[in-house]
Amino acid sequence: MAVTLVTPNKKRMELSVNTEWTGDGFDIVEQSRAGLSRAKADEVARPIGLTDKEMARILNLSERTLHRLRPEARLDSNASERLLLLEVLIKHGLDVFDGRTDVLDRWLHGPLPELRRQAPVTLLDTTTGFGMVHTVLGRIEHGIYS
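Now for a look at the structure at hand. Computed from a predicted structure; not experimentally measured.

Thresholds applied
- Residues numbered from 1 in each chain as written.
- Predicted model: local features only at pLDDT ≥ 70, side-chain atom pairs only at ≥ 80, totals over all residues.
- Heavy atoms only, no water.
- Helix = DSSP H or I, 4+ residues; strand = E, 2+ residues; numbered from the N terminus.
- Contact = heavy atoms within 4.5 Å.
- Salt bridge = Lys/Arg side-chain N within 4 Å of Asp/Glu carboxyl O.
- Buried < 20%, exposed > 50% of the residue type's maximum accessible area, 1.4 Å probe, protein only.

This brings us to unusual backbone geometry. With phi around 55°, aspartate 98 is a residue other than glycine that occupies positive phi space. Mapping aspartate 98 onto the fold places it in the loop between α5 (77-96) and α6 (101-109). Not every positive phi belongs to a glycine, and arginine 117 is a case in point at roughly 60°. Note on placement: arginine 117 falls in the loop between α6 and α7 (127-141).

The next subject is the side chain of serine 32. Topologically, serine 32 is positioned in helix α1 (residues 25-34). Setting aside its immediate chain neighbours within four residues, serine 32 contacts Asp76, Ser77, Ser80, Glu81 and Leu84.

Using the criterion set out here, one finds 7 salt bridges in the structure. Glutamate 43 serves as the salt-bridge partner of lysine 40, at 3.5 Å between the closest nitrogen and oxygen. Taken as a pair, lysine 40 and glutamate 43 lie in helix α2 (residues 38-45) at a separation of 3 residues, close to a single helical turn. Here arginine 100 and aspartate 102 are joined by a salt bridge, their closest N and O atoms 2.8 Å apart. A residue is classified by how much of its surface remains accessible, and aspartate 102, at 33% relative accessible area, is partly exposed. Among the charged side chains, a salt-bridge network with shared partners connects Arg38, Asp42 and Asp52.

Along the chain, lysine 40 and leucine 75 lie 35 residues apart, while their C-alpha atoms are 9.6 Å from each other. Discounting chain neighbours no more than four positions away, the residues touching lysine 40 are Leu83 and Glu87.

Note that all results are geometric; they support no functional claim without further evidence.
Given below as structure tokens:
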């Protein structure tokens, strides 16, 4: 998956994220439209310890709605797409941190100077926030420090 970002000084930057999807962006669109299960949300959140409150915020659902959904219930296309974006981000983070879920968990929840002292997880309620977090991971991956 490739994301084009614009830096504060208006330079365009292409960020390429390696995912396990064999196809292109249409796979994400199709999976989002079909809807992912509530159980998939738990599966994605579990390795890095995201709480239901954090997941509800990321998926743009109320915490109560998330709790009410049965494991087999399908998320709408918006929540499904966000879940897929989160899954890609987690895979990217695990690549950067050598598969260490504990390190990724601490990194996601700690404030970062390059994100205006916000924890990366707090930005994941918008697609722009996902791009910003991917950019920081890419900088770490390539040894570019702020």
